[in-house]
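Overview (structure and organization)
Below, each chain spelled out in residue letters.
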Amino acid sequence: MAERVEQRLEDRLPELEQLERVGLFTRREVRAVLRKASALEYKIQRRALRKEDFISYIQYEINLLELIKKRRARIGYSFKKDEIEYSILQRVHSLFNRATGKWKEDVQLWLSHVAFCKQWNSKHQLSKVFSTMLAIHPNKPALWIMAAKWEMETRLSSESARHLFLRALCFHPECPKLYQEYFRMELMHAEKQRKEKKEFEQAKMDLGELNYSEEILNGEMARIIYRDAAEKIKGVEFHLAVLSIAKLFDFTQDLQKEILEGLQTKYADDPLTWDYMAHRELELGSLQSTEHTTKQMKVSEMTQREERCCAVFEEAVRAVPTENMWKCYITFCLERYNRKTNSEELKQKRLERTLSAFNKAHESSLLPETLYKQWLQLLLESNLSEKATEVAEAATKRFSLSVETWQMRLQVLIQLKSDDVTQCFEEAVKHVKSKGALPLWTLWVEWSEGTNSKEDTEALYQRSLHATTPAESVTMKEKYLDWTYRSGCYKKVKRVFTSLCENRPFSLDFFRKMIQIEKEQESCKMHHLREYYERALREFGSTDSDLWLDYIKEELNHPQGKPENCGSIHWRAMKMLQGDLVEAFVSKYTLLQTGHL
């Protein structure tokens, strides 16, 4: 091993000598590089190889290249690159090759090599990397796409890119993304050829043997790809994706028409098809901006276009009466309503259109649950309180087991200061199962705190502890303790705390809250703090090292504390804490003893 390392270091000497000779590095820096290189070489010559050692070595060499680049720029020296950078580049490629040969499955390692080749313009090497990587990872479409795009965009080889896509499709014959990118590549190739031909014609040059196929120029290759893909890939999303790609090129009108016809024929019942057709009306027949175009004309034209969209959506919800179809329609209406406009007339029309769509979907019992909230917000913003109350009630009838829907209705009633809030809460907890009802009880007690008497609110807190699941009652205990402190005296808080301690489970915050309340009292008593800490440690002493440390701090810092108790507390902590927590506790305890915590 030592001989191999020595040989590798000797191989570096010519480049290091050149670095020193041309003034890029000092002799001291050259020696430092040799020392570091020696250490790194020994690590990658061991029998038990580690990936991290290769990565460290590669990163060191890359940093060295970057430093040389900066030094060259600073002193304005650009010679001897073959003797200096080239040998370092070859060494990095060699390290990457060894690493990817050993850890073939690590895609990130391959991608790092790809990125390095791109950064240092190693085209020949990158071609080899892609070839080897794809042979080992043919099951990853993204890698095929990356290689094909590089061939097309960097090496300007549409033939090589096409060959890669065809090979990729042998492995992934039903991959939508591969077809989309292949489709895009062929259109880019056609566009490039069209530009070349146009430039030759404008220069009145003889095309001679240059044969520009009309089929390729018109995007026929892309059409073939689309037709082949359409037979294998099901779903409207693919058609919409290739259509959006085709729209980027100004010579694809016929191709767009074919894709659109395929979309309407095969997926006439899909909401996304109708959604696309409706949105398309916004783009069609847009008014050309001229000096004579007035603000009113623009508003009028936008109104007409939006009405055409809505006409398509109205037809859609009749043809495909589903929740998803109504969701597309309403989402469109909301998008248009939320767009900024200076025209009050257009804003009002958009509002009326949106409210109408909501209402029709609701009457058809096809309005998705998630959209009721947006409808109610719109009604409240428009000061339609009575309608909002009516809609909220209808929503809870339709989704009677949904906590979110009841919560939404209650928030509407609370906002409107309705007299029916309590009745609605009672109705809600009757319908909803105890598991998951915590948001309702939280909302109820918070509302009661600001509305009802202390007696009624306390009764409600007591009731919530029995009505919620044990896990959810933990939150209610914290809120109950906090409210009692805010609204009552310390003695009352202590009574509530003691009674709540009779029933598990608890949270650590519950005990910490009581400890904090005690510390805020003018006559903070240490024996009370001990009681609260001891109760907390019974529940969380094995899982929270900070609790033990805080207890020790109290004994040290409180006027009534007993520092002699700290040893006993420390001993108990060491016995109770589990796993790594012991080490963390010891470390913090040492800092505490030295006054650094």
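- Labelled according to an unreviewed UniProt entry, the protein chain appears under the name UTP6 protein, originating from Chordeiles acutipennis.
- Check the Sequence similarities (unreviewed entry) section of the UniProt entry for the protein chain; it says "Belongs to the UTP6 family."

1. Quick notes on the packing of helix α26 (residues 508-519) against helix α28 (residues 545-557)
- Packing of α26 against α28 brings their axes to within 13 Å, and their N-to-C directions diverge by 15°. Considered as vectors, α26 and α28 are oriented roughly parallel to each other. By crossing handedness, the relation of α26 to α28 is classed as left-handed. For the pair formed by α26 and α28, the contact residues are Leu 508, Arg 512 and Lys 519 on the first element and Asp 546, Leu 547, Asp 550 and Glu 554 on the second.
- Each residue belonging to the contact of α26 with α28 can be placed in one class, and the counts come to two nonpolar, no polar and five charged.

2. Structural notes on the domain arrangement of the protein chain
- As far as domains go, the protein chain holds domain 1 (1-103), domain 2 (438-505) and domain 3 (515-596).
- Measuring from the centre of the C-alpha atoms in domain 2 to the corresponding centre in domain 3 gives 28 Å.
- Taken together, the nine residues of domain 2 in the interface contact nine residues of domain 3.
- In total, about 820 Å² of surface goes out of reach between domain 2 and domain 3, with carbon and sulfur atoms giving 57% of it.
- Considering only the side of domain 2, the residues that lose the most area to domain 3 are Tyr 485, Tyr 490 and Lys 494, jointly responsible for 58% of the buried surface there.
- Among the ionic pairs, Glu 539 bridges to Arg 504, the shortest N-O distance being 2.8 Å.
- For the pair domain 2 and domain 3, the number of links is six residue pairs in polar contact (both at pLDDT 80 or more).
- Taken together, the elements giving at least two residues each to the side of domain 2 that touches domain 3 come down to α24 (470-487) and α25 (490-500).

3. As for the packing of helix α20 (residues 403-415) against helix α22 (residues 438-451)
- Where α20 meets α22, the axes come as close as 10 Å, and the angle between the chain directions of the two elements is 15°. For the element pair α20 / α22, the angle class is roughly parallel. Considering the relative orientation of α20 and α22, their crossing is left-handed. Residues Val 403, Trp 406, Gln 407, Leu 410, Gln 411 and Ile 414 of α20 touch α22, and the partners they reach there are Pro 439, Leu 440, Leu 443 and Trp 447.
- Classifying every residue of the contact of α20 with α22 gives eight nonpolar, two polar and no charged.

4. Some remarks on the pattern of salt bridges
- A complete count under the given rule lists 45 salt bridges for this structure.
- Several salt bridges converge on common partners, so that one network encompasses Arg 12, Glu 15, Glu 61 and Arg 91.

5. Concerning helix α30 (residues 581-593)
- Taking 1.5 Å as the rise per residue, α30 with 13 residues should run 18 Å; its terminal C-alpha atoms sit 18 Å apart, in good agreement.
- Those residues of α30 lying buried are Phe 585, Tyr 589 and Leu 592. Seen along its axis, α30 keeps its buried residues to an arc of 55°; they face one direction.
- Looking at the buried positions of α30, the neighbouring elements they touch are α28 and α29 (566-576).
- One or two positions beyond α30, positive phi appears at Gly 595, with a value near 80°.

6. As for unusual backbone geometry
- Omega for the bond connecting Arg 504 with Pro 505 falls within 30 degrees of zero, at 5°, which places this linkage in the cis form.
- By the secondary structure assignment, Pro 505 is in the loop between α25 and α26.
- One non-glycine residue with positive phi stands out, namely Asn 121, at about 55°.
- Locating Asn 121 in the fold gives a position in the loop between α5 (107-119) and α6 (123-136).
- For Lys 417, which is not glycine, the phi dihedral falls at a positive 55°.
- For Lys 417, the position within the fold is in the loop between α20 and α21 (421-431).
- Taking the relative accessible area as the measure of exposure, Lys 417 reaches 72% and is therefore exposed.

So, how was this worked out
- Residues numbered from 1 in each chain as written.
- Predicted model: local features only at pLDDT ≥ 70, side-chain atom pairs only at ≥ 80, totals over all residues.
- Heavy atoms only, no water.
- UniProt positions renumbered as here; feature names shortened; annotations may be inferred.
- Axes fitted to C-alpha atoms, helices over the stretch in contact; angles between N-to-C directions.
- Helix = DSSP H or I, 4+ residues; strand = E, 2+ residues; numbered from the N terminus.
- Parallel < 35°, antiparallel > 145°, perpendicular 65-115°, else oblique.
- Left-handed = near helix turned anticlockwise from the far one by under 90°.
- Contact = heavy atoms within 4.5 Å.
- Nonpolar A, V, L, I, M, F, W, Y, C, P; charged D, E, K, R; others polar.
- Domains from an automatic or database assignment.
- Buried area = accessible area lost by both parts, 1.4 Å probe.
- Salt bridge = Lys/Arg side-chain N within 4 Å of Asp/Glu carboxyl O.
- Polar contact = N/O pair within 3.5 Å; in protein donor to acceptor, adjacent residues only side chain to side chain.
- Expected span 1.5 Å × (residues − 1).
- Buried < 20%, exposed > 50% of the residue type's maximum accessible area, 1.4 Å probe, protein only.
- Arc of directions from axis to C-beta.

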